[in-house]
Amino acid sequence: MEYGVAGIPSLFRIALAGGALMLTAAGNVAPLEDQVLERINQVRQDPAGYADRLRGLRRHFVGNALYAPEQPSGVMTREGLRAIDDAIAFLERQRPLPPLDRGTLLDLAAQDHVADQGPLGARGHVSPDGATPADRVRRRGGGTLVGESISYGYADAEAVVRQLVVDDGVPDRSHRLLLFNQELRYAGIGCGAHRRYGHMCVIDVSRTRNGRSVYATLAQNDMPRGDKAP
């Protein structure tokens, strides 16, 4: 969710088996943060393909309960097929977007929120000391033009991104809209343990690598080739 746009969302209750693990050149499993960004970029670049993946879930619903093969006892959702169908319709209309690059400063700000919130089992975009996403980026030396989405309950990249795209129980689908914001160019991700929900992933996004305005970035000669001021 972009901070300040809407209230804290409800948890999305669907938990499914993830896709193929991302491997490094040495054959090791990549960090979850890398996997989440890779999955976000796949969805941004091929929204129609992701709509097909969601369409495959429909046959596993009975009412609002999802009886996926890996969870035969069922998992309750808030909206059931309505949220899935809404996401499919959105994705079918959505044009492909460029992938997001990694922003190191945004990574640090996202990881700070995990470190502060996870051990306490807290939830939301405001840190225990009252810091907002913008405050956390500014503390790391950046600007305040950032958006933030948080996933709770999943340690699997596929489930994290699906939670944000389907946005079950979130009337304005603000997480989905943030992921498909065409102005975004950079993302920072922090994932870790959460006392209440088991796991959390924070995704901070911006038009620039440091959360500053495009004009300030241009003035500092820090705009990557191919980026343009609006």
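Just above sits the structure.
Quick notes on the rules
The residue numbers shown here count from 1 along each chain, following its written sequence. Note on the predicted model: pLDDT of at least 70 is required for a residue's local features to be given, and 80 or more for side-chain atom pairs to be given and counted; whole-chain, interface and lining totals, by contrast, use all residues. Excluded from the side-chain calculations are hydrogens and water; all other atoms, namely the structure's heavy atoms, are used. Cysteine sulfur atoms that come within 2.5 Å of each other are treated as a disulfide pair. The helix count covers DSSP runs of H or I at least four residues long, the strand count covers runs of E at least two residues long, and both are numbered beginning at the N terminus. Note on geometry: axes are C-alpha line fits, over the in-contact stretch for helices, and angles between N-to-C directions span 0 to 180 degrees. Roughly parallel covers angles under 35 degrees, roughly antiparallel covers those over 145, roughly perpendicular covers 65 to 115, and oblique covers all other angles. By definition in these notes, contact holds between two residues if any of their heavy atoms fall within 4.5 Å. In this classification, Asp, Glu, Lys and Arg are treated as charged, Ala, Val, Leu, Ile, Met, Phe, Trp, Tyr, Cys and Pro as nonpolar, and every other residue, Gly included, as polar. Pairing of aromatic rings covers Phe, Tyr and Trp, the last counted by its six-membered ring, and requires centre-to-centre distances within 6.5 Å; plane angles under 30 degrees mean stacked, over 60 mean edge-to-face, and any other angle means tilted. Exposed residues in this analysis have more than 50% of their type's maximum accessible area, buried residues have under 20%, and partly exposed residues fall in between, with area computed by a 1.4 Å probe over protein chains only. A ring is scored as having a charge over it whenever the NZ atom of a lysine or the CZ atom of an arginine sits within 6 Å of its centre and within 35 degrees of its normal. Put simply, a salt bridge is a Lys or Arg side-chain nitrogen that is within 4 Å of an Asp or Glu carboxyl oxygen. Paired strands are those between which DSSP finds at least two bridges.

**Re the state of the cysteines**
Part 1: Evaluation of the coordinates by the stated rule reveals one disulfide.
Part 2: The side chain of Cys191 participates in a disulfide bridge whose partner is Cys201; the two sulfur atoms lie 2.1 Å from each other. Between Cys191 and Cys201, the S-S torsion sits near 115°, and that sign places the bridge as right-handed. Residue Cys191 is found in strand β6 (residues 186–194), and its partner Cys201 is found in strand β7 (residues 198–206); the two are separated by 10 residues along the sequence.

**Considerations on the packing of helix α2 (residues 47–55) against helix α6 (residues 157–166)**
A pair of packed helices can be characterised by two numbers: the angle between their axes and the separation between those axes.
Part 1: Their axes nearest at 12 Å, the elements α2 and α6 cross at an angle of 95°. Regarding the angle of α2 to α6, the classification is roughly perpendicular. On α6, the residues touching Tyr50, Arg53 and Leu54 of α2 are Glu158, Val161, Arg162, Val165 and Val166.
Part 2: For the contact of α2 with α6, the residue count by class is five nonpolar, no polar and three charged.

**Section: the packing of aromatic side chains**
Part 1: Applying the stated criterion across every chain, the model contains two aromatic pairs.
Part 2: Here Tyr152 and Tyr197 contribute two aromatic rings whose centre-to-centre distance is 5.5 Å and whose plane-to-plane angle is 55°, an arrangement assigned as tilted. With Tyr152 in strand β5 (residues 146–152) and Tyr197 in the loop between β6 and β7, this pair connects stretches of sequence that are 45 residues apart.
Part 3: Overall, the relative accessible area of 5% leaves Tyr152 in the buried class.
Part 4: A relative accessible area of 19% places Tyr197 in the buried class.
Part 5: For the cation-ring pair, Arg176 lies above Phe90, with the distance from its terminal atom to the ring centre recorded as 5.2 Å.

**Thoughts on the pattern of salt bridges**
Part 1: Enumeration according to the criterion identifies 17 salt bridges in this entry.
Part 2: The residue Arg58 makes a salt bridge to Asp85 at a minimum N-O spacing of 2.7 Å. Residue Arg58 is located in the loop between α2 and β1 (61–62), and its partner Asp85 is located in helix α3 (residues 81–93); the two are separated by 27 residues in the primary sequence.
Part 3: Taking relative accessible area as the criterion, Arg58 reaches 33% and is therefore assigned partly exposed.
Part 4: On the basis of relative accessible area, Asp85 is assigned to the partly exposed category, the value being 31%.
Part 5: If you follow the salt bridges from partner to partner, you end up with Glu79, Arg82, Asp86, Arg173 and Arg176 in one network.

**Here's the deal with the pairing of β6**
Part 1: In terms of burial, β6 is a largely internal element, eight of the nine residues being buried.
Part 2: Pairing analysis gives two bridges linking strand β4 (residues 101–102) to β6, with the strands arranged parallel. Residue Arg102 lies in a different strand from β6, and its bridge partner there is Ala187.
Part 3: In terms of strand pairing, β6 meets β7 through nine bridges, oriented antiparallel. The residue bridging Gly190 from the neighbouring strand is Val202, located in β7.
Part 4: Hairpin remark: β6 followed by β7, antiparallel, with three residues in the connecting loop.

**What to know about the sheet that holds strand β2 (residues 65–66)**
Part 1: One open sheet accounts for three strands, arranged β1-β2-β3; its pairing is antiparallel. Looking along the sheet, the strands with just one partner apiece sit at the ends: β1 and β3 (75–76).
Part 2: Of the pairings in the sheet, the one linking β1 to β2 comprises two bridges and is antiparallel in character. Bridging from a neighbouring strand, Phe61 pairs with Leu66 of β2.

The values reported here are purely geometric and, on their own, carry no functional implication.
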